[in-house]
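Residue-level structural notes
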Amino acid sequence: GIWCHATLLHLKNEDIAKALQEFIRVLIPKGVVFISLKEGTGEEEFVEKFSSESARFYKFQTVESISDLINESGLTITKIYTINERQRWGNDKRDLNWVYCFARK
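1. Some details on the overall build of the protein
Along its length, the protein carries 3 helices and 6 strands. Listed N to C, the secondary structure of the protein is β-α-β-β-β-α-β-α-β in terms of helices and strands. Taking 13 Å as the expected radius of gyration for a compact globule of 105 residues, we find that the protein reaches 14 Å, a close match to that expectation. Principal-axis analysis of the C-alpha atoms places the extent of the protein at approximately 40 × 25 × 20 Å. Buried positions account for 36% of the 105 residues belonging to the protein. Across the protein, contacts joining residues at least 24 apart in sequence account for 56% of those joining residues at least 6 apart.

2. Some remarks on the sheet that holds strand 6 (residues 97-104)
Strands sit in the order 1-2-6-5 across an open sheet of 4 strands; the sheet is mixed. One side of each edge strand has no neighbouring strand; the edge strands of this open sheet are strand 1 (2-5) and strand 5 (76-84). On average, adjacent strands in this sheet sit at an angle of 10 degrees to one another, irrespective of strand direction. Summarising the sheet, strand 1 and strand 2 (residues 32-38) pair through 4 bridges and their orientation is parallel. Each bridged residue has a counterpart across the sheet, and for Ile2 the counterpart in strand 2 is Val33. Helix 2 (residues 63-73) rests against strand 2, strand 5 and strand 6 of the sheet, and its axis sits at about 155 degrees to strand 5.

3. Looking at unusual backbone geometry
Excluding glycine, a negative phi dihedral is what most residues carry, and trans is how most peptide bonds are arranged. The phi angle at Ala6 is positive, at roughly 55 degrees, despite the residue not being glycine. Along the chain, Ala6 turns up in the loop between strand 1 and helix 1 (13-26). Its identity as a non-glycine residue notwithstanding, Lys30 has a phi of 65 degrees, on the positive side. Within the element layout of this structure, Lys30 appears in the loop between helix 1 and strand 2. Take Lys30: its relative accessible area is 62%, and that puts it in the exposed class.

4. Things to note about the packing of helix 1 against helix 2
The geometry of helix 1 relative to helix 2 is characterised by a closest axis approach of 9 Å and an angle of 45 degrees between their N-to-C directions. On the basis of the axis angle, helix 1 is oblique to helix 2. Here helix 1 and helix 2 pass one another in a crossing that is right-handed. Between helix 1, through Asn13, Ile16, Leu20, Gln21 and Ile24, and helix 2, the contact on the second element is made entirely by Ile66, Leu69, Ile70 and Ser73. Its residues assigned to classes, the contact of helix 1 with helix 2 comprises 6 nonpolar, 3 polar and no charged.

5. Quick look at the environment of Glu43
Its location among the elements puts Glu43 in strand 3 (residues 43-46). If sequence neighbours within four positions are ignored, Glu43 has contacts with Lys12, Phe57, Tyr58, Lys59 and Phe60.

The rules behind these values
Residues numbered from 1 in each chain as written. Predicted model: local features only at pLDDT ≥ 70, side-chain atom pairs only at ≥ 80, totals over all residues. Heavy atoms only, no water. Helix = DSSP H or I, 4+ residues; strand = E, 2+ residues; numbered from the N terminus. Rg over C-alpha atoms; globule rule 2.2 N^0.38 Å. Buried < 20%, exposed > 50% of the residue type's maximum accessible area, 1.4 Å probe, protein only. Contact = heavy atoms within 4.5 Å. Pairing = 2+ DSSP bridges. Axes fitted to C-alpha atoms, helices over the stretch in contact; angles between N-to-C directions. Parallel < 35°, antiparallel > 145°, perpendicular 65-115°, else oblique. Left-handed = near helix turned anticlockwise from the far one by under 90°. Nonpolar A, V, L, I, M, F, W, Y, C, P; charged D, E, K, R; others polar.

What follows is the structure in structure tokens.
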């Protein structure tokens, strides 16, 4: 399987599509993949408080937009949902929504 947490969010959609094709190439039949991305629309470059002083690119996704990319790749979504960091892991976490997706080759 492939665990891809908070990684594809640094790619534009055309590069996400290429990465998904590479996932398909390396997965065994019925292999699984987990993908997480920051929920939202659009893209921007900014510095996160907890990381280096260098700005990083972020491409935000909705359940619908990442579903489209995953379905177009040929992977089959088995579960997709959003989760809020603060609600899930406590008040000291960011008020940030993530899209979590499990898919199968």
